Amino acid sequence: MTGPDGLSFRRRPCPVGAVRFLRAASPGTADRFLITALDLDGRVVGRLDYRLCHVCRTGYVDAITITGPWQGYGLGREALTLMLGHAVAYRWFTSRRSLPGRRFFATMSEETGVTFERRGLRCAHLR
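Residues numbered from 1 in each chain as written. Predicted model: local features only at pLDDT ≥ 70, side-chain atom pairs only at ≥ 80, totals over all residues. Heavy atoms only, no water.

Enquirer: Please explain the overall build of the protein chain as it appears in this structure.
Expert: Helix and strand counts for the protein chain stand at two helices and six strands. Element order for the protein chain, N to C, with α for helix and β for strand: β-β-β-β-α-β-α-β. Contacts in the protein chain between residues far apart in sequence, at least 24 positions, make up 50% of those at least 6 positions apart. Carbon and sulfur atoms provide 54% of the accessible area of the protein chain, an area that totals close to 7,700 Å². (Helix = DSSP H or I, 4+ residues; strand = E, 2+ residues; numbered from the N terminus. Contact = heavy atoms within 4.5 Å. Areas by Shrake-Rupley, 256 points an atom, 1.4 Å probe, with all protein chains shown as cover.)

Enquirer: When you look at the pairing of strand β4 (residues 58–66) in this model, what are you seeing that I'm missing?
Expert: Taken together, the eight bridges between strand β3 (residues 44–53) and β4 define a ladder with antiparallel strand orientation. Looking at β4, one finds that Arg-51 is bridged to Tyr-60. Two successive antiparallel strands, β3 and β4, enclose a turn made up of four residues, where Arg-57 displays a positive phi of approximately 55°. Taken together, the four bridges between β4 and strand β5 (residues 91–94) define a ladder with parallel strand orientation. Along β5, the bridge assignment pairs Val-61 with Thr-94. Note that the unit made of β4, helix α1 (residues 75–85) and β5 has a crossover that is right-handed. (Pairing = 2+ DSSP bridges. Right-handed = clockwise from strand over helix to strand, strands pointing away.)

Structure representation (structure tokens):
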């Protein structure tokens, strides 16, 4: 869907170099990770918290958040794509509590071919 300016409502072009992504393990854990989106001034504009079990090849998205002014630029998509690159061929779960979350993960499933199940975590290692 496009607006009168011809730009997509879902994905506006983000200024080149305006955001950088950092991936790090959460302190004190081997299975929790955080991808943080930072603006040019180093302010956090988004984050993706997730867990991985390399034994079961399972992943769980705990939370994904993009601050209001930065929504619609595809930052959530970029963060999720980075996450998937670190866990190829894993089975993914998410809570999808909100309607926007359900829509986002449905769209990401279509775009990536990865199914994000919402029936609960099926890996005993990540509980």
